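# Tertiary structure, described
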Amino acid sequence: MARKKKMSTGKKVGITALAAVIVIGGVAGYATLGKKSTTSNVLNEYLPVDMTTQDLSQMTDSYAFEVAANVQQGLLSRTSSGAPKAGLAKSWSHSKDGLTWTFHLRKGLKWSNGDPLTASDFVYAWQRTVNPKTASQYAYIYSGIKNADAINSSKDKDLSSLGIKAKNKTTLVVTLEHPMPQFQNLMAFPVFFAQDKKFESSLGSKVGTSSSKQVYDGPYKFVGWNGSNKKFKLVPNKNYWNAKAVKNKGVDFQVITDPTAALALYNKGELDQVTLSTPQQIKKYKNSKNFKIYNQSQTDYLEYNQTGKVKGLTNAKIRQALNLATDRKSISQSVSEGLDSAATGITPAGLALTSTGGDFAKAAAKATAYAYNIKKAKKLFAEGMKEAGLKKLTLTIEGSSDSTVTKSTLDTLQQSWSELPGLTVKEKLVPFKQRLLDQENHNFDVVLAAWGADYAEPLTFLNMFVTDGANNDGKWSNKQYDTLINNASDKDALSDTKRTADEIKAEKTLYDDSAVNPVFWVNAATLSNSKVKGVQYFSSGASYYFWNAYKK
């Protein structure tokens, strides 16, 4: 959604139709209607990478969340504008100090297999996710819920001490350690959804490894995925509490990694939307009335392995030189005909506002100075190499082979970085799944990573880089940074002015220490079927709600 949502550096925005209201961004354009879409009330979607999992405690990427947001539902859901609304909970309230939240579930809730869904299913799910034995990379997002951090760090062995209790079958009480401004938004995020203990108990690590090894409480069921195949479906879930509200007969998915093939299928009417994923496609269609640009609240960035395994990368001057040798404007131009923006920080523009109502990214840019300066880069690199006792250094930049933008990005980086004296730059392209695994295992020198927002607040990005954070794959550590993030998350959480100040200082700390290298902020261009109405797109959190969509 924090490493909230691990993104592919390839681009993909789901069907977004005339009736859709964008949280941050715009409504998609409309394209020529294909034959297939006139004959069926089934939506035709695609993913640009393979599906990874439907284990709610283990998923980390945006495409797994895309499916989960439609086959499951949380205590809360979201309106078309992104505001919280009732989900499996029909009502909720909180204490005056914001520390105690009470949710009242709807009566008669069921899982897709007929098992009753009760408040204890949320207790089980939350305990499973924060349990260190589960090794959930998203456990950190529970920070702020009573004892979540202590349990996840193994300081507290008692799972029942987690701040969630089932008062009865339909009443949940959640206790926080401090106010959390994002708490209601998180209740609509898949990592906080219920799980069926009765179903999962016999599966162990196989939970969610295929569509049949999961049960569903949302508008759809997930069917036809065996863990590796390229076609699968969402079909209406008759046990969903509001099944009558589903306005279509389901969603057919294909995995299509080739953007040319995806566009061809769209033009044949076999897809209801397509993301224009190459500069050539964007150039061809950017003046068309069918063309629309989305803010994806995504940052593509370089992460440096600072575990000590890679010589040179623990030296701040060498990292600073690499940042200075990164031509962000050229890269953003090459990958999207200039539709993407050169990053000035890790938090993208358009995501969040400051306490005075301005764009946070613009305010933070006054405290950072990411720029391309090869002359200064050479000087700092030489100084850093001397400090590190190195005469030569070889770095391999890893990226996703199934991304349409990775190769051109790495080529530009290789060309400019190779101007640094004594540096040899190599490229390594691997499938998206492998890139995620290499990141998690710190098995890289430099990796081109991507992150999309889980909620509309800078902490969704800044949380990633706290010391020993589950998503801090480079293992950078800075005590001042940790204090700033802790203050923004805790004592300053309810003061917009103080929280904004903490977050801007955190962005500056990332810049000053060259902790990471923000490269570009991602926008996406799409063509979509004008006969499809009602798909909702959100630039933060799980991205798509399909169930109110229909073909006119």
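Preceding block: the structure.
On a predicted model such as this, the values are computed, not experimentally measured, just so you know.

## Observations concerning the overall build of the protein
Within the protein, the secondary structure is distributed over 16 helices and 22 strands. Scaling as 2.2 N^0.38, a compact globule of 552 residues should have a C-alpha radius of gyration of about 24 Å, and the protein matches this with 23 Å. For the protein, buried positions account for 60% of its 552 residues. As displayed, the protein has an accessible area near 20,800 Å², and 50% of this comes from carbon and sulfur atoms.

## Quick look at the side chain of Asn248
Of note, Asn248 is situated in the loop between β10 (231-236) and β11 (251-255). Since its relative accessible area comes to 5%, Asn248 is described here as buried. Of the polar contacts made by the side chain of Asn248, one reaches the side chain of Tyr220; its length is 2.8 Å. Side-chain polar atoms of Asn248 contact the backbone oxygen of Ala549, separated by 2.9 Å. Ignoring any residue separated from it by four or fewer positions in sequence, one finds Asn248 in contact with Asn41, Leu43, Tyr220, Pro236, Phe546, Trp547 and Ala549.

## Observations concerning the side chain of Asn239
Summarising the element assignment, Asn239 is placed in the loop between β10 and β11. One polar contact links the side chain of Asn239 to the main-chain carbonyl oxygen of Trp111, over a distance of 3.1 Å. Dropping the residues within four chain positions of it, Asn239 is found in contact with Lys110, Trp111, Ser112, Asn113 and Gly114.

## Here's the deal with unusual backbone geometry
Peptide bonds are mostly trans, and most non-glycine residues show a negative phi. The backbone phi angle of Ser297 is positive, close to 50°, even though this residue is not glycine. By the secondary structure assignment, Ser297 is in strand β13 (residues 292-304). Its relative accessible area of 0% is what places Ser297 among the buried residues.

## Thoughts on the nonpolar core
As a rule of thumb, nonpolar side chains are buried together in soluble globular proteins. Core analysis: the biggest nonpolar cluster contains 106 residues, and Phe103, Phe122, Trp126, Ile141 and Phe192 have the highest contact counts within it. Considering each element in turn, this core owes the most residues, seven residues, to helix α1 (residues 62-71). In contact with Ile141, other than residues within four places in its own chain, are Leu186, Phe189, Val191, Phe192, Asp454 and Tyr455. Within the second largest apolar cluster, 32 residues are counted, among which are Ala321, Phe381, Val405 and Leu423.

## Here's the deal with the sheet that holds strand β5 (residues 89-94)
The four strands are arranged β5-β6-β8-β7 in an open sheet whose pairing can be described as antiparallel. Sheet topology places β5 and β7 (164-168) at the edges, where each strand pairs with a single neighbour. Across this sheet, the average inter-strand angle for adjacent strands is 20°, counted without regard to direction. Bridging between β5 and strand β6 (residues 100-105) involves five bridges; their strand directions are antiparallel.

## Some words on the packing of aromatic side chains
For the structure shown, the criterion picks out 23 aromatic pairs. With a centroid separation of 5.7 Å and 25° between ring planes, the pair formed by Tyr138 and Tyr140 is classed as stacked. On the basis of relative accessibility, which here comes to 1%, the residue Tyr138 falls in the buried class. Connected via pairs of aromatic rings, a cluster forms that spans Phe222, Trp225, Phe232, Phe253, Tyr537, Tyr544 and Phe546. Positioned above the aromatic ring of Phe538, the side-chain terminus of Arg78 is 3.9 Å from the ring centre.

## Regarding the pairing of β13
The side chains of a regular strand alternate, residue by residue, between the two faces of the sheet. With eleven of its 13 residues buried, β13 lies for the most part within the structure. For β13 and strand β18 (residues 516-528), the ladder comprises ten bridges, and the chain directions are antiparallel. Across the sheet, Thr299 pairs through a bridge with Trp521, a residue of β18. With seven bridges joining them, β13 and strand β17 (residues 446-452) adopt antiparallel strand pairing. Residue pairing across strands places Asp300 opposite Ala450, the latter belonging to β17.

## Focus on helix α12 (residues 406-417)
Taking 1.5 Å of rise per residue, the twelve residues of α12 would be expected to cover 16 Å, and the 16 Å separating its terminal C-alpha atoms lies within 8% of that figure. Those residues of α12 that sit buried are Thr406, Thr409, Leu410, Thr412, Leu413, Ser416 and Trp417. The buried residues of α12 occupy an angular sector of 160° when projected down its axis, which confines them to one face.

## Looking at the pattern of salt bridges
Under the defined criterion, the tally for this structure stands at 16 salt bridges. The salt bridge involving Arg499 is made with Asp496; its shortest N-O contact spans 3.1 Å. A residue pair is termed a helical-turn pair when its members lie 3 or 4 positions apart in one helix, as Arg499 and Asp496 do in helix α16 (residues 496-512) at three residues. Relative accessible area serves as the criterion here: at 11%, Arg499 is assigned to the buried category. Across the pair Asp512 and Lys508 runs a salt bridge whose closest N-O atoms are separated by 2.7 Å. Separated by four residues within a single helix, Asp512 and Lys508 lie in helix α16, roughly one turn from each other. We classify Asp512 as partly exposed; its relative accessible area is 43%. Classification of Lys508 by relative accessible area gives partly exposed; the value is 36%.

What counts as what
- Residues numbered from 1 in each chain as written.
- Predicted model: local features only at pLDDT ≥ 70, side-chain atom pairs only at ≥ 80, totals over all residues.
- Heavy atoms only, no water.
- Helix = DSSP H or I, 4+ residues; strand = E, 2+ residues; numbered from the N terminus.
- Rg over C-alpha atoms; globule rule 2.2 N^0.38 Å.
- Buried < 20%, exposed > 50% of the residue type's maximum accessible area, 1.4 Å probe, protein only.
- Areas by Shrake-Rupley, 256 points an atom, 1.4 Å probe, with all protein chains shown as cover.
- Polar contact = N/O pair within 3.5 Å; in protein donor to acceptor, adjacent residues only side chain to side chain.
- Contact = heavy atoms within 4.5 Å.
- Core = buried A, V, L, I, M, F, W, Y, C linked by side-chain atoms within 4.5 Å.
- Pairing = 2+ DSSP bridges.
- Axes fitted to C-alpha atoms, helices over the stretch in contact; angles between N-to-C directions.
- Phe/Tyr/Trp six-rings, centres within 6.5 Å; stacked < 30°, edge-to-face > 60°.
- Lys NZ or Arg CZ within 6 Å of the ring centre and 35° of its normal.
- Expected span 1.5 Å × (residues − 1).
- Arc of directions from axis to C-beta.
- Salt bridge = Lys/Arg side-chain N within 4 Å of Asp/Glu carboxyl O.

As far as function goes, none of this settles anything; it's purely spatial.
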